[in-house]
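# Coordinate inspection notes
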Amino acid sequence: EKDGHDWFMRKEIFEQPRAVADSLLGRRSTSGLLQLDEMRLSDDEIRDIDKIIIIAAGTSFYAGMVAKYAIEHWTRIPVEVELSSEFRYRDPILDHSTLVVAISQSGETADTLQAIRHARSQRSKVLAICNTNGSTIPRESDAVIYTHAGPEIGVASTKGFLTQLVACYLLALYVAQVKGTRFGDEIEEVMSQLEAMPDHIATVLAGAEQVYDLARAHTGTRSVLFLGRHAGYPVALEGALKLKEIAYLHAEGFAAGELKHGPIALVEQGLPVLCVVPPRGRDQLHEKMISGIQEVRARGAQTICLAEEGDTRIEPYADVLIRLPKVPVLLQPLVAVVPLQLFACELATALGHDVDQPRNLAKSVTVE
Ligand code: M6R
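Reading the values: rules and limits
Residues numbered from 1 in each chain as written. Predicted model: local features only at pLDDT ≥ 70, side-chain atom pairs only at ≥ 80, totals over all residues. Heavy atoms only, no water. Buried < 20%, exposed > 50% of the residue type's maximum accessible area, 1.4 Å probe, protein only. Helix = DSSP H or I, 4+ residues; strand = E, 2+ residues; numbered from the N terminus. Pairing = 2+ DSSP bridges. Near = heavy atom within 4 Å. Polar contact = N/O pair within 3.5 Å; in protein donor to acceptor, adjacent residues only side chain to side chain. 1 Å grid on protein atoms, 1.4 Å probe; cavity = no way out; pocket = protein on both sides within 12 Å on 5 of 7 lines; lining within 4 Å. Sits in = over half its atoms within 2 Å of the grid points. Nonpolar A, V, L, I, M, F, W, Y, C, P; charged D, E, K, R; others polar. Salt bridge = Lys/Arg side-chain N within 4 Å of Asp/Glu carboxyl O.

This next bit is on the pairing of strand S1 (residues 51–56). On a regular strand, one side chain projects to one face of the sheet and the next to the other, so that they alternate. Counting buried positions along S1 gives 6 out of 6 residues, so the element sits mostly inside the fold. Here S1 shows two buried faces, one formed by Lys51, Ile53 and Ile55 and the other by Ile52, Ile54 and Ala56. One ladder, built from 5 bridges, connects S1 with strand S3 (residues 98–104); its direction is parallel. Its bridge partner lying in S3, Ile53 is registered against Val100. Examined bridge by bridge, S1 and strand S2 (residues 79–83) share 5 bridges and lie parallel to one another. Note that in S2 the partner of Ile53 across the bridge is Glu80.

Below is the structure:
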């Protein structure tokens, strides 16, 4: 049942190329237009949206953070991302032109369920992004995009996360198509880039041994930091969450630009810092990330850098360099998170922990 793997989590990590491909399947009509069958929101309802609020918990919340970058970039609709457990308690401003997007792998998370009930009571439309057919959250929503990860057994979410990202990109592109903020050829180009992702993820998985060696060299580590910027920031947070959940290590993710505002004081000799390096682009992101990496390295950190193929600029500053396929910055989370999942899984295994049933955690959290 685990296909020869020791853990469901590891099996599910290796299923990701397939899960991503399945979640993309059948989304393009013969005319080339994007279609989302189960959407159930009319074009008029979509054109009416003037604000999007994404609500989710845990790993699904980090998918929501990535979604904000994509939706705002492609649709120009303002997006807020909020923890579902906090949402109703701040008296959020909601009306019929607010679209609330609830992201939940299980479809049963109580915090998220209560949040969508509140949103609907305020006349907002709710769209669920969910991996579990017929579960409560999609049943109580106005619209749904199902991810096609297949059942996720490991308590630590992996393929659930990647397929949520895919659903968020599809939603962003679909809304852009209906609102006319992006044109057909651009949407097609992003769709082709998405369709190339399963192969890119497989390439990252083929390099698992390098990450496993790294993980086994860190069994004595007490604390790990993760740095990212832009869409790489939620990836850093997710890398840290994986390590907390299954390896029971102190781990924290930061936006690299925030380092100098406090967290850099944590850096001491030998502290491992995993850095998600953005692709080189026209903006300053890549250079700014490198200066953050220089800062921590100058203070004795061991820098473990995830950087795209061909990025030679990073080489002098990386104690360990893990290569990622060359992809656009918005899509980079789909490849960048994979080594972090492998790292956590292998380190937890080496420490002798039960990776699939970590202490104190349940697969779906049905109490608030
Ligand atoms: O089923 P959901 O996506 O609503 O679950 C949300 C969180 O409980 C979940 O992502 C949790 O953080 C996982 N254990 C992460 O690995």
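Turning to the site of the ligand, a few remarks are in order. Around the ligand there are 14 residues in total, and Ser60, Ser104, Ser106, Thr109 and Glu245 lie nearest to it. Interatomic distance of 2.7 Å between a backbone N/O atom of Gln105 and an oxygen atom of the ligand. In the model, an oxygen atom of the ligand is placed 2.4 Å from a nitrogen or oxygen of the Thr109 side chain. Spatially, the ligand is embedded in the largest pocket. If you list the elements that add at least two residues to the shell around the ligand, you get helix H4 (58–75) and helix H12 (232–247). Of the residues contributing to the shell around the ligand, the split by class is 4 nonpolar, 8 polar and 2 charged.

Pairing is possible between side chains of opposite charge, provided their charged atoms come close. Under the definition given, this model contains 28 salt bridges. Residues Glu45 and Lys125 are paired through a salt bridge, measuring 3.7 Å at the closest nitrogen-oxygen approach. Pair noted here: Glu45 is in helix H3 (residues 43–47) and Lys125 is in strand S4 (residues 125–130), with a separation of 80 residues, a long-range link. What makes Glu45 partly exposed here is its relative accessible area of 32%. Taking the shortest distance from any N to any O, the salt bridge between Asp213 and Arg216 comes out at 2.9 Å.

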